[in-house]
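# Structure at a glance
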Amino acid sequence: MAVWDDLVGQDRVASQLTAAARDADALVTAEAAGGRAAARNAAEASPALAASPASSASSKMTHAWLFTGPPGSGRAAAARAFAAALQCVSPDRALGGAPGCGFCEGCHTTLVGTHADVEVVRTDLLSIGVKETRDLVRRAQLSPAGGRWQVIVLEDADRLTEGAGNVLLKAVEEPAPRTVWLLCAPSLEDVLPTIRSRCRLLTLRTPPVDAVADLLVRRDGIEPELAASAARATQGHIDRARRLATDERARARRAAVLKLPLRVDDVGGCLKAAQELIDAAAEDAKQVAEEIDAKETEELRAALGAAAGTGGRLPRGTAGAMKDLQDRQKRRATRTQRDSLDLALTDLAGFYRDVLALQFGSRTALANTDVQDALERIAAGSKPERTLRRIEAVRACREALDRNVAPLLAVEAMTMALRAG
């Protein structure tokens with residue numbers, strides 16, 4: 001199975017990345033063979049990889065890429081697949097095969113996250129700071145330890161602070177000869193203009209619902225009916241569809257969210273619904289903490305010489321390390337709660353989108369067919385203008401959470417706006 005097989009509905013992007021990987025492979029192969037003239041010709045085909053970091057519009061390969069697309073489009077999957085293709089060592093390449101076979105050591109270790117020359121950076125915190133970015137930049141200056149390229153995959157480039165972005169800019173402006181940066185963000189506006197102007201842009205689209213359902217059946221072994229329902233409910237969001245199809249608790253939480261529009265008939269119902277939504281998000285964060293925090297704490301205590309069964313007391317001078325871990329865990333819990341709440345709001349917006357489709361008699365397929373009775377009831381009891389105002393209220397709540405408004409206040413304001421319509 002080629003590394004591109006998981007890029008659902010992204011044939012154009014896969015074609016561009018395959019061509020770039022071929023150019024990159026030609027350059028490395030020519031250099032490895034010691035042919036300076038051949039290497040010079042390959043470099044001319046990919047001028048961005050020559051000594052100068054400047055990029056040519058006709059070049060198929062460059063030192064920095066920016067993958068953008070809506071949530072669930074597979075930005076990170078595309079970046080990891082490209083990283084695997086750059087590290088591919090399949091002998092079929094010499095016979096004209098495209099890099100990215102999916103089976104060789106380079107592809108396999110990259111995809112499972114153990115390749116020594118591929119650093120995949122994702123954060124479970126609210127932002128990526130200057131310190132972490134400086135560590136990445138130092139890593140990017142190293143020559144490949146054993147692979148063909150030094151590849152840095154930054155899955156959350158939109159979470160870089162302004163200072164961290166400025167640190168990254170220098171590395172993107174003056175890249176090391178064998179370093180490739182792969183940045184992922186929802187949109188161009190989420191990345192500093194100075195950084196995005198130095199990257200090759202690839203825009204992914206939301207995958208078709210049928211293609212996502214097929215992937216769940218083919219790769220995850222999910223029953224076709226459940227896969228189709230999950231893909232339709234999440235409107236082509238690959239990760240959310242997989243979670244919905246495999247996690248009973250996720251299905252239960254979604255069902256509870258979709259009942260909210262029927263519970264905002266009075267002020268008391270609005271406030272109660274808001275509190276329950278916040279409590280559900282907090283419970284999600286708690287479950288993640290229970291699974292991860294205890295393991296991280298025990299591993300750190302063991303590293304500091306205070307593992308369980310050895311007296312338990314931390315050596316002198318190590319309390320700061322433990323406090324840093326606790327602070328990081330608190331920030332992660334905050335992000336997890338906000339992500340869970342944002343997911344609920346996305347489901348709620350999808351509910352009202354279906355209501356609007358019914359009110360206009362649209363032929364667009366409904367996402368929430370499992371609650372069609374509720375959709376029809378809301379659609380019959382209100383006008384499209386009120387539905388649009390409700391969708392706007394959900395969007396305003398998401399924006400308020402992005403601005404660090406207290407979650408309960410933001411959600412209460414939203415539920416009151418849903419009641420008013």
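Residues numbered from 1 in each chain as written. Predicted model: local features only at pLDDT ≥ 70, side-chain atom pairs only at ≥ 80, totals over all residues. Heavy atoms only, no water.

### Quick notes on the overall build of the protein chain
What counts is decided by this rule: A run of DSSP states H or I qualifies as a helix once it reaches four residues; a run of E qualifies as a strand once it reaches two. Both are numbered from the N-terminal end. In this setup the radius of gyration rests on C-alpha atoms only. A globule is expected at 2.2 Å times the number of residues raised to 0.38. Methods summary: accessible areas were calculated by the Shrake-Rupley approach with a probe of 1.4 Å, and residue burial reflects only the protein chains presented. Positive charges come from Lys and Arg, negative ones from Asp and Glu, while His and the chain ends are left out of the count. Where a charge sits is defined by one atom per residue type, namely NZ (Lys), CZ (Arg), CG (Asp) or CD (Glu).
Within the protein chain, the regular secondary structure consists of 16 helices and five strands. Since a compact globule built from 421 residues should have a radius of gyration of about 22 Å, the 24 Å found for the protein chain is in line with a globular shape. If one aligns the C-alpha atoms of the protein chain with their principal axes, the spans along those axes are about 75 × 65 × 40 Å. Carbon and sulfur atoms provide 53% of the accessible area of the protein chain, an area that totals close to 20,700 Å². One way to put it: in the protein chain the 57 positive side-chain charges average out to a point 3 Å from where the 56 negative ones average out.

### Thoughts on the nonpolar core
This is how it is decided: Each nonpolar core is a collection of buried residues, namely Ala, Val, Leu, Ile, Met, Phe, Trp, Tyr and Cys, held together in the definition by side-chain atoms within 4.5 Å. Only protein chains enter the accessibility calculation, which uses a 1.4 Å probe. A residue is then buried if its area is under 20% of the maximum for its type, exposed if over 50%, and partly exposed in between. In what follows, a contact means two residues having at least one pair of non-hydrogen atoms within 4.5 Å.
Judged by nonpolar contacts, the single largest core of 35 residues is most densely connected at W4, W65, F67, F82 and L182. Every residue in contact with W4, bar those within four places of it in the chain, is listed here: A14, L17, T18, A81, F82, A85 and P99. Of all hydrophobic cores here, the second largest spans 33 residues; its members include V257, L277, F351 and A410.

### A look at the side chain of E155
For clarity, the cut-off: Polar contact is the term for a pair of N or O atoms within 3.5 Å; when the atoms are in protein, one must be able to donate a hydrogen and the other to accept it, and sequence-neighboring residues count only if both atoms are side-chain atoms.
Take E155: it is sitting in the loop between strand 3 (150-154) and helix 6 (162-173). A distance of 2.6 Å separates the side chain of E155 from the side chain of R80, its partner in a polar contact. Beyond its immediate stretch of four places on either side in the chain, E155 contacts A76, R80, V120, V121, R122 and C184.

### Remarks on the sheet that holds strand 5 (residues 200-203)
What holds strands together in a sheet is hydrogen bonding between their backbones, with the strands either parallel or antiparallel. The criterion, for reference: We treat two strands as partners when DSSP finds at least two bridges between them. Angles here are taken between N-to-C directions and fall from 0 to 180 degrees, while the axes themselves are lines fitted to C-alpha atoms, restricted in helices to the stretch in contact.
Spatial strand order, 2-3-4-1-5: five strands in an open sheet with parallel pairing. The open sheet terminates on both sides in strands that have one partner only, identified here as strand 2 (118-121) and strand 5. Taken pair by pair, the neighbouring strands of this sheet meet at an average axis angle of 15°, ignoring direction. In this structure, strand 1 (residues 64-68) lies alongside strand 4 (residues 179-185), joined through five bridges in parallel fashion.

### Structural notes on the confidence of the model for the protein chain
The line we're drawing: Across the chain, each position has a pLDDT score giving the predictor's confidence in that residue, from 0 to 100.
For the protein chain, per-residue confidence averages 85 on the pLDDT scale, and 91% of positions sit at 70 or higher. Predicted confidence for residues 35-40 stays below pLDDT 50, and this span has five contacts to residues more than four positions away or in other chains. Confidence drops under a pLDDT of 50 for residues 42-57, and excluding neighbours within four residues, the segment shows 32 contacts in the predicted structure.

### Notes on the pairing of strand 1
Within a regular strand, side chains alternate between the sheet's two faces. The buried count for strand 1 comes to five of five residues, which makes it a mostly enclosed element. Alternating positions in strand 1 separate into two faces, A64, L66 and T68 on one and W65 and F67 on the other, with burial throughout. Inspection of the sheet shows strand 1 paired to strand 5 by four bridges, in the parallel sense. Residue pairing in the sheet places W65 in a bridge with R200 of strand 5.

### Considering the side chain of T110
For T110, the position within the fold is in helix 4 (residues 105-112). Owing to a relative accessible area of 3%, T110 belongs among the buried residues under this scheme. Once residues within four sequence positions are removed from consideration, T110 is found in contact with R80, A83, A84, Q87, H115 and V118.

### Topic: the pattern of salt bridges
Inclusion rule: Definition used for salt bridges: Asp or Glu carboxyl oxygen within 4 Å of a side-chain nitrogen of Lys or Arg.
One pass over the structure, following the stated rule, counts 23 salt bridges. Measuring nitrogen to oxygen at the nearest pair gives 2.6 Å for the salt bridge that ties R93 to D25. Here the residue R93 occupies a position in the loop between helix 3 (75-86) and helix 4, and D25 occupies one in helix 1 (residues 11-32), the gap between them amounting to 68 residues. This pair shows no difference in class: R93 is buried, exactly as D25 is. A salt bridge links D342 to R398; the nearest nitrogen and oxygen atoms lie 2.7 Å apart.

### Considering the pairing of strand 2
Selection rule: Look down the strands so they point away from you; if going from the first strand over the helix to the second traces a clockwise path, that crossover is right-handed.
Bridge count between strand 2 and strand 3: four bridges; the pairing is parallel. Directly across from E119, in strand 3, lies its bridge partner I152. For the crossover that starts at strand 2, traverses helix 5 (residues 130-140) and ends in the parallel strand 3, the hand is right-handed.

### Observations regarding the environment of D339
Here D339 lies in helix 13 (residues 319-360). On the accessibility criterion, D339 (36% relative accessible area) is partly exposed. The sequence separation of D339 and V212 amounts to 127 residues, and the corresponding C-alpha distance is 22 Å.

### So, unusual backbone geometry
Positive phi, normally seen in glycine, also occurs at Q235, with a value near 55°. Within the secondary structure layout, Q235 lies in the loop between helix 9 (224-233) and helix 10 (238-246). On the accessibility criterion, Q235 (32% relative accessible area) is partly exposed. In this structure, N404 is a non-glycine residue whose phi angle is positive, near 65°. By the secondary structure assignment, N404 is in the loop between helix 15 (384-402) and helix 16 (407-420).

### Describing helix 12 (residues 267-303)
Every α-helix carries 3.6 residues per turn, so stepping three or four residues along brings you back to the same face. Note the cut-off: Helix span, expected: 1.5 Å multiplied by one less than the number of residues in the helix. For a residue, the bend is simply the angle between two axes, fitted respectively to the seven-residue segment ending there and the seven-residue segment starting there.
Between its first and last C-alpha atoms helix 12 spans 53 Å; for 37 residues at 1.5 Å apiece the expected length is 54 Å, and the two agree. Along its length, helix 12 reaches its greatest deviation from straightness, about 35°, at A289. For helix 12, the side-chain oxygen to backbone nitrogen distance between the N-cap and G268 is 3.2 Å, and the N-cap itself is D266. Positive backbone phi, approximately 90°, marks G305, located one or two places after helix 12.

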